[in-house]
Amino acid sequence: MKLHKILISVAAFAVVSSGLYAGTSDMDVEKMFEKECQGCHGPNHEGGVGSDLRPGIIGKKNSYTLSETIIGGRAGTAMPPFAEKMTKDDADKMVDYLQHFKGKKMTVLTLDSVKAGWKPLNDRMEFFKKYPQAVDVKKNTDICFVTERDAARVVFLDGTTGKLLSRHPAGFAVHVTVTNKRQPRYAYSISRSGLVTMFDLNSPGQQKIAECQVGTDSRGLAVSPDGKYLMAGNYVPGGAVLMDAMTLEPLKVYPTSSVIDTDGNIGSSRVAGVYDTPYGPYIAFALKDAGHVYIVDYSKPNFPIVGDIPNIGKILHDGFLNEGKEIGRYLFQASQGSDVMGVVDFKTKSLVTKIYTGPSAKPHPGQGSSWFNERLGQQLGATVNMNLGQVTIWDDNFDVIRQIPTAGGGLFIGTSEHTPFLWADNVLGGPANWNKIYLINKQTLDVDRILTVGTEEGTITDPVSHKALYKWKVPTVKDDKGEVVVPRILHAEPANHGHWTMVSEWNAGRIGIYEAKTGKFVKYIKGLTTPTFTYSIEHRQTVPGA
């Protein structure tokens, strides 16, 4: 390990600026970076989904150009424009901070620190006896989560009617929601600010049972199939936290402050995806910066790591598990720095192969898609890619069999047994394309139709003839400046016993509901704040690792 890496990651300290900046910004630059930039660029600016921003990389670059990139964003990537959140002076101050950053001390994850953040809120057993059945819906599996990113809330909806049931504060930028498949009355969320929250869906208003502050920057969450354990993944402090799924009491931590990366260097790593599997008593978590996947056996005393799969690739992020034969045996783990989906085998606890998604593709499967193709007689898998308008499809031999062009980079691709389509968003494709969902036929593997939400009208069109198959009126939305908003749509999620597909309209504050079999518009759920991730409990009951 090189000396300068030790100084940066372990023993250095943070400074706001070298003092060279002479603008008029009063922005707290460190807080702004932590809130808006750290998730992609890393707590020590080391990069990830976003570029490496350490002084050795950008220190001699033109500061004006860097400032313009912050204000205007970078087309074809996940870098958004910050013109609405920063002034020119703010951007200049951010560039000065980045170019003269001295590093900061990385804290180490400890069980004591996590236990200090554990907070029981209601008596679970009292609720269990008082509400044996769901109060607000016919069945608790009818409920859908919605994350309201900028409002720091989760929302519960009736997935059969679209009725809003309750809203709850749950930490900044709630990132992932999951349920306990053994006891689906219990649901959990984790925010980017490191807050894990447990809810009882049978109680009136879906009351909170407990909270646990597992870190200051977090992402992943998974529940063991036996319903006993919950694992959370941290960016800061790096590591994973195993908790009691009935109380959120922290049981064990797995620090990743000193691990070996793909280049043989020792340093800290963030934890990205966390996955449970029905294939065995395992929960896996991905070391984003180190390129490893660890497998924990929760059936053994002290919950040991029983598998360490290295060299999957650089910058690991999200992933999903196979369906069909031997369901949950294989984890498809996205490596955004190496443009591959690593195939991890839970049976052999080894890396089977790497599925190459294309140059600079940056795969981001979200919930991913796994389905049986009758024409080929095989179980297929698919991901969208962040930097390319392209859906990558592979067969059960893990060979890429199709690259399907779309309108722009995406974050989510979803399906279910009730729809003939893969629903692939283009949310990173810029204003000209981020209002589209591509519906790909699961049997022919061709784009079957394109869903477009305009500012006044929505359409389902045939991609060959360009003929509109369906049209509907779209309520026009304007921003704070009175300018018309082009809806930015993402994340298709099945609901209503498979009859519906729910699509978030992030900047329009609503969810569009569509017929799963045709894509035809049904109705809107309005009055939401930046709805991002949706989670249908009924649908996810049958999806491994979700």
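Note that the coordinates shown come from a computational prediction; the quantities given were computed from them, not determined experimentally. (Residues numbered from 1 in each chain as written. Predicted model: local features only at pLDDT ≥ 70, side-chain atom pairs only at ≥ 80, totals over all residues. Heavy atoms only, no water.)

Asker: Report on the overall build of the protein chain, specifying residues and quantitative values.
Answerer: When its secondary structure is counted, the protein chain shows 8 helices and 37 strands. In terms of overall dimensions, the protein chain is globule-like: its C-alpha atoms have a radius of gyration of 22 Å, near the 24 Å expected for 546 residues. If you line up the protein chain on its principal axes, its C-alpha atoms span 60 × 55 × 45 Å. Within the span of the protein chain, comprising 546 residues, buried residues form 58% of the whole. (Helix = DSSP H or I, 4+ residues; strand = E, 2+ residues; numbered from the N terminus. Rg over C-alpha atoms; globule rule 2.2 N^0.38 Å. Buried < 20%, exposed > 50% of the residue type's maximum accessible area, 1.4 Å probe, protein only.)

Asker: Help me get a handle on the sheet that holds strand β35 (residues 510-515), residues and values and all.
Answerer: Two pairing modes exist for strands in a sheet, parallel and antiparallel, and in both the strands are linked by backbone hydrogen bonds. Spatially, the 4 strands line up as an open sheet ordered β33-β34-β35-β36, and their pairing is antiparallel. Taken across any chain shown, the strands that pair with only one partner, and hence form the sheet edges, are β33 (489-495) and β36 (521-525). Here the average twist between neighbouring strands, direction ignored, is 25 degrees. As defined by bridge partners, strand β34 (residues 500-505) adjoins β35 across 6 bridges and the pair is classed as antiparallel. Residue pairing for β35: Met502 is matched across the bridge by Ile513. (Pairing = 2+ DSSP bridges. Axes fitted to C-alpha atoms, helices over the stretch in contact; angles between N-to-C directions.)

Asker: Tell me what's going on with the side chain of Arg329, and back it up with residues and numbers.
Answerer: Counting through the fold element by element, Arg329 comes out in the loop between β19 (316-321) and β20 (330-335). Classification of Arg329 by relative accessible area gives buried; the value is 11%. In terms of polar contacts, Arg329 uses its side chain to reach the side chain of Asp345, at 2.8 Å. (Polar contact = N/O pair within 3.5 Å; in protein donor to acceptor, adjacent residues only side chain to side chain.)

Asker: Could you give me a rundown of the nonpolar core, with the residues and numbers involved?
Answerer: Core analysis: the largest hydrophobic core is formed by 46 residues, its most contacted members being Tyr188, Val196, Val214, Leu221, Leu230, Met243 and Leu248. Tallying contributions element by element places strand β6 (residues 186-191) first for this core, with 4 residues. Once you skip the residues sitting within four places of it in the chain, Leu230 turns out to touch Val178, Tyr188, Val196, Leu221, Ala222, Val223, Val241, Leu242, Met243, Ala245 and Leu248. Grouped together as the second largest cluster of nonpolar side chains are 18 residues, Met27, Ile70, Val95 and Tyr97 included. (Core = buried A, V, L, I, M, F, W, Y, C linked by side-chain atoms within 4.5 Å. Contact = heavy atoms within 4.5 Å.)

Asker: I'd like a rundown of the confidence of the model for the protein chain, residues and numbers included.
Answerer: If pLDDT is low for a region, its predicted coordinates should not be looked at in detail. With 94% of its residues at a pLDDT of 70 or more, the protein chain has an overall mean of 91. Low pLDDT (under 50) marks residues 1-19, which in the prediction has 35 contacts with non-local residues, meaning those over four places away or in another chain. (pLDDT = per-residue confidence, 0-100.)

Asker: Explain the sheet that holds strand β23 (residues 369-373) to me, using residue names and the numbers behind them.
Answerer: Ordered in space as β23-β24-β25-β26, the 4 strands form an open sheet in which the pairing is antiparallel. Bordering the open sheet on either side are β23 and β26 (400-405), each of which pairs with just one other strand. Averaged over all pairs of adjacent strands, the angle between their axes in this sheet comes to 25 degrees, without regard to strand direction. Sheet analysis places strand β24 (residues 378-384) next to strand β25 (residues 390-394), joined by 4 bridges and oriented antiparallel. Bridged to Val384 within β25 is Val391.

Asker: Can you break down the environment of Asn180 residue by residue, with the values?
Answerer: Among the structural elements, Asn180 can be located in the loop between β5 (174-179) and β6. Look at Asn180 and you get buried, because its relative accessible area is 0%. Ignoring any residue separated from it by four or fewer positions in sequence, one finds Asn180 in contact with Tyr186, Tyr188, Val223, Gly227, Ala245, Met246 and Gln541. Within the structure, the side chain of Asn180 is placed 3.4 Å from the side chain of Tyr188, a separation counted as a polar contact.

Asker: Please provide a residue-by-residue account of helix α5 (residues 88-99), values included.
Answerer: Given a rise of 1.5 Å per residue, 12 residues ought to cover 16 Å, and the 17 Å separating the end C-alpha atoms of α5 matches this to within 8%. With respect to burial, α5 is a largely interior element, 9 of its 12 residues being buried. Taken as a whole, α5 has its buried residues at Asp90, Ala91, Lys93, Met94, Val95, Asp96, Tyr97, Leu98 and Gln99. (Expected span 1.5 Å × (residues − 1).)

Asker: Which residues make up the packing of aromatic side chains, and what values do they have?
Answerer: Think of a pair of aromatic rings as described by two things: how far the centres are apart, and how the planes are tilted against each other in angle. One pass over the structure, following the stated rule, counts 21 aromatic pairs. For the ring pair Phe145 and Phe156, a centre distance of 4.6 Å and an interplane angle of 50 degrees mean the geometry is tilted. Remark: Phe156 occurs in strand β3 (residues 153-158) and Phe145 occurs in strand β2 (residues 143-148); sequence separation between them is 11 residues. For Phe145, a relative accessible area of 0% gives the class buried. Relative accessible area serves as the criterion here: at 0%, Phe156 is assigned to the buried category. Here the aromatic residues Phe145, Phe156, Phe199, Phe533 and Tyr535 are joined through ring pairs into a cluster of three or more. Residue placement shows Arg219 over the ring face of Tyr235; its charged tip is 4.3 Å from the ring centre. Its end group placed over the ring of Tyr524, Arg510 keeps NZ or CZ at 4.5 Å from the ring centre. (Phe/Tyr/Trp six-rings, centres within 6.5 Å; stacked < 30°, edge-to-face > 60°. Lys NZ or Arg CZ within 6 Å of the ring centre and 35° of its normal.)

Asker: Give me unusual backbone geometry: which residues, what numbers.
Answerer: Here the amide bond leading from Val236 into Pro237 is cis, since omega sits at -15 degrees, within 30 degrees of zero. Within the secondary structure layout, Pro237 lies in the loop between β10 (229-236) and β11 (239-244). Not every positive phi belongs to a glycine, and His491 is a case in point at roughly 60 degrees. As for its position among the elements, His491 is in strand β33. Of the residues examined, His491 reaches a relative accessible area of 0% and is grouped as buried. One non-glycine residue, Thr530, lies in positive phi territory at about 40 degrees.

Asker: How would you summarise the pairing of β20 if you had to cite specific residues and measurements?
Answerer: For β20, the buried fraction is high: 6 of the 6 residues fall into the buried class. Neither face of β20 is exposed, since Tyr330, Phe332 and Ala334 on one face and Leu331, Gln333 and Ser335 on the opposite face are all buried. The pairing of β19 with β20 spans 4 bridges and is classified as antiparallel. By the bridge assignment for β20, Leu321 is matched with Leu331. Of the pairings in the sheet, the one linking β20 to strand β21 (residues 340-345) comprises 6 bridges and is antiparallel in character. In the strand pairing of β21, Ala334 is matched with Met341. Hairpin connection between β20 and β21: a loop of 4 residues separates the two successive antiparallel strands, and Asp339 in this loop has a positive phi of roughly 60 degrees.

Asker: Tell me about the side chain of Thr383, residues and numbers included.
Answerer: When you line up the elements, Thr383 lands in strand β24. For Thr383, the residues in contact, after removing those within four places along its chain, are Met341, Thr357, Pro363, His364, Pro365, Gln390, Val391, Thr392, Trp394 and Ile413.

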